Amino acid sequence: MLRYADSFRMRLLLHLRAYLFIGIFTGGVAGQVQSRLPPGEIPAGKILLVVQPHHDDHTTDYGMGGVIARFVESGYKAYYVRASNDEKDGANSYARNDIINLKETRDGTRILGMEDVISLNWRNDFMNPIPLNELREQLIFLIRKYRPDVVLGHNPWEHYQKNPDHRNVARALVEAYWLAGYDTVHPEHFKLGLKPHAAAHFYEKGRLDWGLGQISNVALELSESQVQKKERAIAAHRNVYHNPGAKRAIQDRLAAMGMHVPELDAVNGDEASDLLLHWWMNWVSRDIGKKAGVKYAEDLYHMDAQDHLPGLKAYIEANARRIP
Amino acid sequence: MRRRLFLQILSASLARAAAGKTVLIVASDAGWLACAGGAVAKMTGDGASAILVRVGNDEKESWGLTPEETALRNRTEGERAAKLLGIQEVISFGYRSSELRDVPHTTMRDRLIFLIRHHRPAVLFFPNPHTEQDRNLDRYYVGAAAEDAWHCARFQNYLPAASHSGLAPHIVSEVYYYSPPVDPRRREPESTATFVPQPVRVDIGGQFERKLRAAQVLRTVNRSTAMRLKQSLEAAGRRLPILDVVDESAIDKLVEENLRGLAAVCSEGSGYQLAEEFRYAGIEYDIPAKYLR
């Protein structure tokens, strides 16, 4: 029998899919913004550290699976940090959800080309009261260990974010990103041979459709194969996303509007579940691509290591020289 | 047109506040000085008295020093800088910087309520907790506590023991929310001027030199900034010629470039040469403009 949280998640997912699905076929989705975003490039570097609260946050509607795939294809080694244990996500016991979701995180991130998953195992959906400076210390440690050029995470200022896991992991991360470079912060790490490290770039991502939505300042174009990796990466999370019953729910909803979709009628429930994920990820990538004037894209907010000094930006641009 | 007129009225209100007492609540020395040092100098220059409340101890912001030595040097330098801007008293809470989220919100808030009731300022400055993309979250925690303290200081049922002992409730009528200009939406007016602070720019052309001299006193922080900037540029294969040799004159020059650049960013589109920008809550915060007219 499903617990409340699980059944709620399922119902939410069904509604969300139906909403997106109907949007795809009726040609409109609330909140679409058509302003053109500047195209971004993959910065020079070797290591990407992605920090998110949950198993599937690397690739969802607000995710960055395509961008991760693009970083890897550009030569980056990428690592995924899962801050929670995901015990609530799925229709199983807490322990079983944890084990299955971690395995599927490894499967999904491997499809994106990532090297490893580091799970911090903070209790899922209990992250509001945790000592956040302790989580931050763990992230500082990992930044010093892996020495990323690029850190990628959730937007700590996202409007109407109801899930404290997202808000708190994002807050811990945005501080860890710069404090890891300070030798006055957790000097005990240096006993292990670690050294301060300031990553050169921070990218953040939030939901597209909550409140004022994600305020992005860059769009990274995706290739067809990067979008396909993204679709396969989310489909790897079968414990949460494989839902043969979704077909029937959507058909019923469309029928009430006098509509039907032949592609959906022609497949069974298992196939329909995969098809819906394919459409979902493809639609999100196309929708963001429109903002950037390309076929597929993901949009992010980018900060570099000098952005916290807005008074020096123009001076640096005018006076910095390349080191030969 | 109406919006421009409204913003001009807000700008002009700075002069009205000059005669009162000002309390600045800050997370760290370098942050408030860069964001609000000119406006404070303008107020003290016009005869206002000012008090600075440092919540954090700035123990992290140095290059090659221990946290204890860093905190001591930053406190000494911060007090000297404050004096140069006409601030009469500096109160340091001494909480560990970059650990401020571990301080209970109500603890911080109640200490600030106490000081607001004791000093009874006409004007408050504090960090804007609603700013986005400011990676230093100390400003968020201090700003949230200060905003709460501003609101609660007016009600007698907060800190009842202090109320009973003669610290009467107090309403601060003007508030300047400061933050570095990093939020892409910082200049967008909110939906209503009532109960929501509005964007305002303050001309600091006449105070810039004084602000610069005060900022250059923060030698420990400035050296840290210069070395970290040099390091991050080198990591990206770049160099700033001014930082080839990081000595005092190079650091002073960098501080000047930073403050001039900041003042230029803040003055964009305002008609001022050098400015600071705030979110401002004045009379229209409490009373809708249509009733004022």
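Everything below is about the structure shown above.
Residues numbered from 1 in each chain as written. Chains lettered and ligands numbered in written order. Predicted model: local features only at pLDDT ≥ 70, side-chain atom pairs only at ≥ 80, totals over all residues.

### Thoughts on the overall build of chain A
Here is step 1 of the chain: In terms of helices and strands, chain A carries eleven helices and eight strands.
Here is step 2 of the chain: Split into buried and exposed, the 324 residues of chain A put 45% on the buried side.
Here is step 3 of the chain: Sequence separation of 24 or more characterises 80% of the internal contacts of chain A that already satisfy a separation of 6 or more. (Helix = DSSP H or I, 4+ residues; strand = E, 2+ residues; numbered from the N terminus. Buried ≥ 20, exposed ≤ 12 C-beta atoms within 10 Å, placed from the backbone. Contact = placed C-beta atoms within 7 Å.)

### Describing the environment of Asn-121 of chain A
All names here are of chain A.
Here is step 1 of the chain: Structurally, Asn-121 can be placed in strand S3 (residues 116-122).
Here is step 2 of the chain: The partly exposed category is assigned to Asn-121, around which 14 C-beta atoms lie within 10 Å.
Here is step 3 of the chain: Sequence-wise, Asn-121 and Thr-109 are twelve residues apart; in three dimensions their C-alpha atoms are separated by 17 Å.

### Comments concerning the sheet that holds strand S8 (residues 275-281) of chain B
Residues and elements named next belong to chain B.
Here is step 1 of the chain: Strand order in the open sheet made by the seven strands is S3-S2-S1-S4-S5-S8-S6, with mixed pairing throughout. For this open sheet the edge positions go to strand S3 (89-95) and strand S6 (198-203), each flanked by a neighbour on one side alone. Neighbour to neighbour, the strand axes of the sheet diverge by 25 degrees on average, direction disregarded.
Here is step 2 of the chain: Here strand S1 (residues 22-26) pairs with strand S2 (residues 50-56) via five bridges, running parallel. Bridged to Thr-22 within S2 is Ala-50.
Here is step 3 of the chain: Contacts from helix H4 (residues 105-119) reach S1, S2 and S3, with the element oriented near 165 degrees to S1. (Pairing = 2+ DSSP bridges. Axes fitted to C-alpha atoms, helices over the stretch in contact; angles between N-to-C directions.)

### Section: the interface of chain A and chain B
The extent of an interface is frequently quoted as the accessible surface area lost upon association of the parts.
Here is step 1 of the chain: Across the contact, 34 residues belong to chain A and 36 residues belong to chain B.
Here is step 2 of the chain: At the level of elements, helix H4 (132-146), helix H5 (164-179), helix H11 (313-319) and strand S8 (321-322) of chain A are the ones that each hand at least two residues to the side of chain A that touches chain B.
Here is step 3 of the chain: Broken down by class, the residue content of the side of chain A that touches chain B amounts to 20 nonpolar, eight polar and six charged. (Nonpolar A, V, L, I, M, F, W, Y, C, P; charged D, E, K, R; others polar.)

### Regarding the packing of helix H2 (residues 65-73) of chain A against helix H6 (residues 224-235) of chain A
Residues and elements named next belong to chain A.
Here is step 1 of the chain: The N-to-C vectors of H2 and H6 enclose an angle of 120 degrees; their axes lie 8 Å apart at closest approach. When the interaxial angle is binned, H2 and H6 end up oblique. Crossing of H2 against H6: the hand is right-handed. Residues Gly-65, Gly-66, Ala-69 and Arg-70 of H2 lie in contact with H6, whose contacting residues are Gln-226, Val-227, Lys-229, Lys-230, Ala-233 and Ile-234. (Parallel < 35°, antiparallel > 145°, perpendicular 65-115°, else oblique. Left-handed = near helix turned anticlockwise from the far one by under 90°.)

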